[in-house]
Amino acid sequence: MRIVTAKDYDQMSRKASYIVASRVILNPKCVLGLATGDTPKGLYNELVRLFRAGDVDFSGVTTFNLDEYAGLSPENPQSYHSYMEEHLFRHINIPPEHRHIPNGAAQNIGAECRRYEELIEQAHGIDLQILGLGRDGHIGFNEPDVKFEKGTHHVRLTQSTIEANARFFENRDEVPKSAISMGIKTIMSARRILLLASGSEKAEAIRGAVMGAVTPDLPASVLQLHPNATLIVDEAASAEIMRIK
C-alpha cells in the first residue's frame, strides 16, 4: 500500500481530488466507486471546484456508491442518494443514468444486492474505488466479522457504527440498523483503491490497516493485499504509524 501524508484534512482532500481528476482526464469513461460520510466531503468539494474551473469533465463517467441504508427511500434526506446529490451530483455533469446507488427501499433486499452486483459486472468493474475508514476499521458497511463478505450484501450494523451515525439523525431511534453494502471481493476487484483517513480518532484503525494482520476483524486490513492501493492520511490520523516508524 502506498502511503501519502497530508498536513491536514484540506490538504488530504486536495491530494485525493488530483488523483480522481487525473483518472477521469486520462479515461473520460472511467467507472468510479464513491463513498459517503464526513471524510469524502472535502474531496467532493474539490472535484466540484475543478469542474467549475473547466479542468475536468465528468459527462462520460459512471459511478457506483459503496452502500445505502436499508429502509430509507432515495428521497429521504438522510439517505446516501440525498447525500450524493447535495455534495456532488447536482454540481457536476455526470448523467443521472450513469449514477448508481443501492435502493435501500427495495422490497426484496437480496434481489437488490444481486441486481447491484450485476450492474457493476456489466460496467466491467470499478476503475477507481474511493474509501473512507470507520473507527473500527470498517470499509463501506463491511463491519468487523469472522469472515470477509464477497459481493454486495445485506449487513446488520454494529452498535458502534449506529452510534457514530446517530449525529446525522434528529432522533437516535431513527438510525437504520442495517444497510446494503458492496462486499470485500467487489471492493478488492477495483483496479485502483484510494483510502482516505483524517483525525486522531482514526489513528488506531490506520495502524491496524497498514501494519497489522490481515483479518476480517479489521476489514480495512485486507487492502494490504491489493496491488494498487493508496492511502492518503493527515498528520493526526497517521500518528500511530509515524510513531512506530
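Everything below is about the structure printed above this text.
In this report, the structure presented in the accompanying data block is examined. (Residues numbered from 1 in each chain as written. Predicted model: local features only at pLDDT ≥ 70, side-chain atom pairs only at ≥ 80, totals over all residues. Heavy atoms only, no water.)

### With respect to the sheet that holds strand β8 (residues 178-181)
Strand order in the open sheet formed by 3 strands is β4-β8-β7, and the pairing between neighbours is antiparallel. Here the strands that pair on one side only, and so sit at the sheet edges, are β4 (67-69) and β7 (153-156). Here the average twist between neighbouring strands, direction ignored, is 25°. By the bridge criterion, 3 bridges tie β4 to β8 in an arrangement that is antiparallel. Each bridged residue has a counterpart across the sheet, and for tyrosine 69 the counterpart in β8 is alanine 179. (Pairing = 2+ DSSP bridges. Helix = DSSP H or I, 4+ residues; strand = E, 2+ residues; numbered from the N terminus. Axes fitted to C-alpha atoms, helices over the stretch in contact; angles between N-to-C directions.)

### Quick look at the packing of helix α1 (residues 9-26) against helix α2 (residues 41-52)
In the contact formed by α1 and α2, the axes pass within 8 Å of each other and the chain directions differ by 55°. With respect to α2, the element α1 is oriented oblique. Between α1 and α2 lies a crossing whose hand is right-handed. Contacts between α1 and α2 involve Tyr9, Ser13, Arg14, Ala16, Ser17, Val20 and Ala21 on the former and, on the latter, Lys41, Gly42, Leu43, Glu46, Leu47 and Leu50. When grouped by side-chain class, the residues that make up the contact of α1 with α2 number 7 nonpolar, 3 polar and 3 charged. (Parallel < 35°, antiparallel > 145°, perpendicular 65-115°, else oblique. Left-handed = near helix turned anticlockwise from the far one by under 90°. Contact = heavy atoms within 4.5 Å. Nonpolar A, V, L, I, M, F, W, Y, C, P; charged D, E, K, R; others polar.)

### So, the packing of α2 against helix α3 (residues 80-87)
If you want to describe how two helices pack, look at the angle between their axes and the distance between the axes. Interhelical geometry of α2 versus α3 gives an angle of 40° and a closest axis separation of 10 Å. With respect to α3, the axis of α2 lies oblique. Mapping the contact onto sequence places Lys41, Tyr44 and Val48 in α2 and Tyr83, Met84 and His87 in α3. Considered class by class, the residues forming the contact of α2 with α3 number 4 nonpolar, 1 polar and 1 charged.

### Here we look at the environment of valine 31
Note on placement: valine 31 falls in strand β2 (residues 31-34). The spatial distance from the C-alpha of valine 31 to the C-alpha of leucine 128 is 6.8 Å, given a sequence separation of 97 residues. Look past the residues within four positions of valine 31 in its chain and what remains in contact with it is Thr62, Phe64, Ala123, Gly125, Ile126, Asp127 and Leu128.

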